Amino acid sequence: MTSELEIGLYIFMLAGFLGYHVITRVPPLLHTPLMSATNAIAGISLVGSLVVAGADYGAASTILGFVAVACSSTNVVGGFLITDRMLKMFKTAKDQTAQRLRFQFDPKMLLALPVLVIGGLVLIYSYEQLSKDAARFLREVLATHALKYFYILSAALFILGLKGLSSPRYARKGMFAAELGMLMAVVGTLFHHEIVTYKWIIVGFLIGSVVGGTMGLRIPMTAVPQRTALSHSLGALAACLVGISEYFRHRGALNTVVMTALGFEVVIGGLTFTGSLMAAAKLQGLLPGHPITYKGQNVFNLSLLAAIAGSLIYLVIGPAVPALFYIMVGLAFLFGFLLVIPIGAADMPVVIALLNSYGGLADACMGFVLMNKIQIITGSLDGTSGFLLSLLMCRAMNRSAFNVLFGAFGKVDVEGRDRAAEAKGTVRNISAEEVSVLLDSVRSVIIVPGYGMAVAQAQHGVAELAKLLMKQGINVKYAIHPVAGRMPGHMNVLLAEANVPYDQLYTMEQINPYFPEADIALVVGANDVTNPAARNNRSSPLYGMPILEVDRAKSVIVLKRSLRPGFSGVDNELYYDPKCMMLFGDAKESLNKLFAALKS
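Residues numbered from 1 in each chain as written. Predicted model: local features only at pLDDT ≥ 70, side-chain atom pairs only at ≥ 80, totals over all residues. Heavy atoms only, no water.

Moving on, we get to the overall build of the protein. Per the secondary structure count, the protein includes 25 helices and 7 strands. With 600 residues in all, the protein has 58% of them scored as buried. Sequence-distant contacts, at least 24 apart, represent 82% of the contacts inside the protein between residues at least 6 apart. Entry remark: accessible area of the protein is about 24,400 Å², with carbon and sulfur atoms responsible for 63%. (Helix = DSSP H or I, 4+ residues; strand = E, 2+ residues; numbered from the N terminus. Buried < 20%, exposed > 50% of the residue type's maximum accessible area, 1.4 Å probe, protein only. Contact = heavy atoms within 4.5 Å. Areas by Shrake-Rupley, 256 points an atom, 1.4 Å probe, with all protein chains shown as cover.)

Here is the structure:
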């Protein structure tokens, strides 16, 4: 007879294999919506949180479950709302010019999901008070029959939702399927036979929906990376709290299999929670973007990880040691904090993808603890997505994940940088009026956006400039590097927000052959991803990293505040190239001046 554990492992492996084949077909254009969507789907931790908050496990478990419900529902509501906002922006040039009378979906309508759930909860709670026997009958019938079918259908809808992200044309329809799957999973769980009260579920879901809805509708697209990191932290915290509740409820009387899964759940959830908070703080500018290091840091971190692993092994052998369990949880929180602070902001695309993967693994472990198959499936899908994206980002930077986590890449030697700059020669300055004269006699322009464009919120100015150039008969293309932002695909989202047709966006592999034919490469805030040292200088830390070969264009114009290097801390050799000209200043202001000069 096949055990529940064996079935769970089969499901985990098959879901990961299926997720690999589905997610590898998602184009780089949609990597940011993919991460946001998997983050929302990972809010399936809400399923376990609902049971803990509504069951009569004790006051401590109810409080932990209530907080977990609030965290998970924030992820679900906010994640789906902001994903829909992003997908709605992706249009081709044909879509933008076509005038069709058709129904326009407003993302605010997605708020109907939590409203429906909360309304259903209130009705169930009221009905329970009026008719205890009928409520018990409904729970017994639906818990044994309807619940499992709801979970099967929701799993299929989640997979179809991710499959829809293989093309911008079908992505929104796919997300509607995933949202329906989440609604079915949540509604089905409300009839779980162990749930005896809905009071704290309603309050937690209401708080999470308000917070998540506000974030999903109000947050600017430039802040999507930090919102994603914050969502990782909330989802991981929910998984960790449910694991703590289960250990507390059973007083450590757990078998080896459950204790192993529960140990991984709280450890991965704990380190992902604090690590994601640190990543969000770095992205928001609350912490320095450069690596924060001290002597012996890697040795201390690895020793701390060994202590956590040793504690977990001891607890698996003898689970009934509460003091050691809580110490292990505390060390996991500390390890997540220490893991991220020595990582530079340039490596945030990899870090966010890895944290996404960790959050999925924590959800999968929760599924093994509660033996909930839908959580195992979604956790495997989320973990696969984050792992694949982190590998893609490491490959785009020609670095290993170990080097990203422990290499302290991006620590700047100011004195050495200044000496190197003096040795390289002079830089050619150019004014907006002079740039307009140059653009008046060209046929082909390639625009290279970078994180500096996002900081200056200059994407709308870039789009307006491109439209003006195209009206003059100039061929305009956009070159997008995989790590030209603080999360995979971020530049694509920002340009889509500015109504740039996605069929004008080219990946690095697609655009590099076009640079020798381009009259001008216009670089807006991109730095490390355009540095020729990655191709020419073997002594450079960037050597071997695939770059956008803007130096092969006939002329290069760079819009930048100063000559300061990017987050890698490496001086850009492009700026000293004789055919490169620097238009210094805030990118948004420089584009406004350039736009005015071109129109005049």
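Axis separation between helix α3 (residues 45–54) and helix α11 (residues 224–250) bottoms out at 10 Å; the angle between their running directions is 40°. The interaxial crossing formed by α3 with α11 has left-handed handedness. Contacts from S45, G48, S49 and V52 in α3 reach G235, A238, V242, S245 and E246 in α11. Of the residues that constitute the contact of α3 with α11, the class distribution is 3 nonpolar, 5 polar and 1 charged. (Axes fitted to C-alpha atoms, helices over the stretch in contact; angles between N-to-C directions. Left-handed = near helix turned anticlockwise from the far one by under 90°. Nonpolar A, V, L, I, M, F, W, Y, C, P; charged D, E, K, R; others polar.)

With 86% of its residues at a pLDDT of 70 or more, the protein shows a mean pLDDT of 83. For the protein, the element scoring lowest by mean pLDDT is helix α18 (residues 414–424), at 46; strand β2 (residues 444–449) scores highest, at 94. (pLDDT = per-residue confidence, 0-100.)

Using the criterion set out here, one finds 7 salt bridges in the structure. Note that R172 and D84 form a salt bridge whose closest N and O atoms lie 3.2 Å from each other. Linking R172 in helix α9 (residues 171–189) with D84 in helix α4 (residues 59–89), this pair joins segments that are 88 residues apart in sequence. The same class applies to R172 as to D84, namely buried. Residue E246 is joined to R249 by a salt bridge in which the shortest nitrogen-to-oxygen separation is 3.1 Å. (Salt bridge = Lys/Arg side-chain N within 4 Å of Asp/Glu carboxyl O.)

With that settled, the discussion passes to helix α12 (residues 256–284). Spanning 29 residues, α12 covers 42 Å between terminal C-alpha atoms, matching the ideal 42 Å at 1.5 Å per step. With 23 of 29 residues buried, α12 is to be regarded as a mostly interior element. Between a side-chain oxygen at the N-terminus of α12 and the backbone nitrogen of V257 the separation is 3.2 Å; the capping residue is N255. Backbone geometry just after α12 places G285 at a positive phi near 90°. (Expected span 1.5 Å × (residues − 1). Polar contact = N/O pair within 3.5 Å; in protein donor to acceptor, adjacent residues only side chain to side chain.)

The subject of this paragraph is the packing of aromatic side chains. According to the stated counting rule, one finds 7 aromatic pairs in the structure shown. Just above the ring of Y57 sits the side chain of R249; from NZ or CZ to the centre is 3.7 Å. Its guanidinium or amino end placed over the ring of Y514, K477 lies 4.7 Å from that ring's centre, counting from NZ or CZ. (Phe/Tyr/Trp six-rings, centres within 6.5 Å; stacked < 30°, edge-to-face > 60°. Lys NZ or Arg CZ within 6 Å of the ring centre and 35° of its normal.)

Across the 5 residues of strand β5 (residues 520–524), 5 count as buried, placing the element largely inside the fold. Both faces of β5 are covered, namely the face carrying I520, L522 and V524 and the face carrying A521 and V523. Note that β2 and β5 share 5 bridges and pair parallel. Directly across from P449, in β5, lies its bridge partner V524. Two strands pair when backbone bridges link them, and β5 and strand β6 (residues 555–560) are joined in this way by 5 bridges, in the parallel orientation. Bridging from a neighbouring strand, A521 pairs with V556 of β6. (Pairing = 2+ DSSP bridges.)

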